[in-house]
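# Summary of structural features
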Amino acid sequence: MAQSNPVEGLSYEQAFEELETIVNRLESNQLSLEDAMKLFERGHVLAQHCTRLLEQAELKIRQLTPADDAELENEG
Amino acid sequence: MRPLPLFRPTSLSVTEVNRYLRQLLESDPILQDLWVQGELSNFSRPTSGHIYFTLKDSLAALRVVMWRSTAQTLRIALRDGMAVEVHGKISMYETGGQLQLYADEIRPAGEGQLYQEFLRLKARLEAEGLFDQARKRPIPGMPHRIGIVTSPTAAALQDILNTLRRRYPLAEVVLSPTPVQGDEAVPGVIAALERLNRLAKPDVILLARGGGSLEDLWAFNDEGVARAIAASQAPVITGIGHEIDFTIADFAADLRAPTPTAAAELATPDRQDLLSALLEKTNQLQRYYQVLLTTQRWQLNNQTGSLQRYSPTSQVNNYRQQLDESLRRSERALIQTFELNQTRLRGLQTRLISLSPQSILNRGYAMVLRQDDKSLVRSTRQVQVNDDLSVQLSDGVVDVKVTLNHPGAINGTV
């Protein structure tokens with residue numbers, strides 16, 4: 001059955017991948033009505049989430065500095 | 001070409017000689033495709049736009065012409081004294097009787113040498129399998145983290161960031177800065193690639209540098225850089241120089257883009273395409289859901305139909321009808337019985353009437369009773385002479401006295 005992860009936490013890639021899976025499953029046409037309805041609702045929420053991400057996203061940029069090396073060495 | 005007659009020497013016009021020379025030169029494959037190196041002198045570029053100069057070395061000189069259309073594409077500024085290599089074909093300027101090199105490409109001397117080195121390195125790495133298609137890693141369709149190796153001050157970086165903002169702002173960009181020209185470029189690029197892979201683990205790396213001279217781009221023809229690209233964990237897309245520039249790095253990369261902007265485009269899906277894909281998925285979702293609903297509804301209708309066929313209600317209706325029929329039949333039977341009995345009753349009544357004493361009397365018979373005890377007289381032995389009798393006739397009674405008694409006689413036979 002559809003994963004019940006909250007959609008808000010999903011990245012675009014994850015959400016779109018799940019949406020594709022849902023569409024494929026609906027396409028296979030071998031679902032109970034109840035399952036199909038759940039999938040459909042989940043798919044809709046995913047699609048909305050994806051659209052929102054695409055429309056609101058802002059490119060995040062960071063630059064590696066020598067401190068990054070030091071940090072990793074400390075962690076390691 | 002018209003062959004010169006061998007055995008009949010004859011004088012030729014200058015035009016004929018020059019034309020013959022031109023045809024001779026132009027039929028030689030070496031002279032039609034060659035590089036000539038020398039020092040540039042007597043450079044001139046009249047308003048026509050064509051370029052004229054003399055290429056010379058310590059012992060000889062050669063006239064060079066470059067037509068305007070080709071001259072416009074030159075990437076270096078020519079001046080007297082430059083050491084250059086000129087590519088073109090040798091032919092004859094018939095009008096002036098001059099042998100000329102018609103140039104289609106000019107490069108600084110030494111570039112040829114570099115190019116040879118480039119070719120040798122390329123052949124060696126190619127033979128080693130460093131450029132094999134099988135080595136190329138697939139470029140992810142939707143990279144989450146995009147690494148960039150370039151100079152933080154370069155226009156190339158801004159081109160890339162603008163492209164990423166426009167197409168795929170979902171991505172997270174990690175810049176691994178390095179000089180991209182000069183002595184620091186080669187070790188810088190190698191280190192930047194390694195650090196990026198180690199510290200950021202990007203899904204794809206863009207290795208970029210804007211356009212420049214061959215010398216400017218030379219770091220990207222370095223063997224160490226090529227090996228660092230091949231060793232990268234994340235797939236590398238190169239966007240180095242302009243469309244026409246091919247570097248060793250380009251061959252070693254998993255994907256070569258003609259420019260930094262193009263590299264950013266190849267690395268990412270376009271937001272508009274993603275929105276279209278989303279819309280398409282949403283439509284599909286809706287469509288399949290509708291199909292499912294329709295199918296389910298149809299099946300439901302079917303089942304309901306079956307259910308109704310087998311339902312108790314219809315059984316009851318059946319029974320009710322059967323009962324009705326039985327009732328009707330028994331009613332009919334009852335009526336028939338009744339009518340039959342009535343008919344029989346009437347028959348009996350008729351017969352009864354015909355058998356009544358009155359009807360016997362009506363036929364002329366009479367009934368004889370004794371007057372004293374009113375008993376019915378059936379035999380002569382019951383009466384004696386002078387007995388008083390009553391004779392009942394059809395319409396009344398007559399009293400009589402017995403005058404004679406004849407036992408055994410029958411009326412009419414006396």
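## What about the packing of helix H4 (residues 155–167) of chain B against helix H8 (residues 260–267) of chain B?
Residue and element names in this part refer to chain B. Closest axis-to-axis distance for the H4/H8 pair is 8 Å, and the angle between their directions is 30 degrees. The orientation of H4 relative to H8 falls into the category roughly parallel. Every pair of crossing elements has a handedness; the one defined by H4 and H8 is right-handed. Note on element contacts: H8 touches H4 through Pro260, Thr261, Ala264 and Glu265, opposite Ala156, Asp159, Ile160, Thr163, Leu164, Arg166 and Arg167. Split into classes, the residues belonging to the contact of H4 with H8 amount to 5 nonpolar, 2 polar and 4 charged.

## Remarks on the confidence of the model for chain B
Mean pLDDT over chain B: 89, with 97% of residues reaching 70 or higher. Scored by ipTM, the complex comes to 0.75, with pTM at 0.57.

## Things to note about the sheet that holds strand E13 (residues 396–401) of chain B
Residue and element names in this part refer to chain B. Spatially, E11-E12-E13 is the arrangement adopted by the 3 strands of the open sheet, whose pairing is antiparallel. The open sheet has two edge strands, strand E11 (367–370) and E13, and neither has a second partner. Mean inter-strand twist for the sheet, computed between neighbouring axes without regard to direction, equals 30 degrees. As paired strands, E11 and strand E12 (residues 388–393) are joined by 4 bridges and run antiparallel to one another. Bridge pairing in E12 places Val368 opposite Val391.

## Examining the packing of aromatic side chains
One pair of aromatic rings is described through two measures. These are the centre distance and the angle between the planes. The final tally for this structure, using the stated rule, is 6 aromatic pairs over all chains. Measuring from centroid to centroid gives 3.8 Å for Phe40 of chain A and Tyr289 of chain B, while their planes differ by 5 degrees, and the two rings are stacked. With one member in each of two chains, Phe40 of chain A in helix H2 (residues 33–56) and Tyr289 of chain B in helix H9 (residues 271–309) form a pair that bridges those chains. Of the two residues examined, Phe40 of chain A and Tyr289 of chain B, each falls in the buried class. Through successive ring pairs, a cluster of aromatic residues spans Phe131, Phe246 and Phe251 of chain B. In this structure, Arg107 of chain B packs its charged tip against the face of Trp35 of chain B, placed 3.6 Å from the ring centre.

Cut-offs applied
- Residues numbered from 1 in each chain as written.
- Chains lettered and ligands numbered in written order.
- Predicted model: local features only at pLDDT ≥ 70, side-chain atom pairs only at ≥ 80, totals over all residues.
- Heavy atoms only, no water.
- Axes fitted to C-alpha atoms, helices over the stretch in contact; angles between N-to-C directions.
- Helix = DSSP H or I, 4+ residues; strand = E, 2+ residues; numbered from the N terminus.
- Parallel < 35°, antiparallel > 145°, perpendicular 65-115°, else oblique.
- Left-handed = near helix turned anticlockwise from the far one by under 90°.
- Contact = heavy atoms within 4.5 Å.
- Nonpolar A, V, L, I, M, F, W, Y, C, P; charged D, E, K, R; others polar.
- pLDDT = per-residue confidence, 0-100.
- Pairing = 2+ DSSP bridges.
- Phe/Tyr/Trp six-rings, centres within 6.5 Å; stacked < 30°, edge-to-face > 60°.
- Buried < 20%, exposed > 50% of the residue type's maximum accessible area, 1.4 Å probe, protein only.
- Lys NZ or Arg CZ within 6 Å of the ring centre and 35° of its normal.

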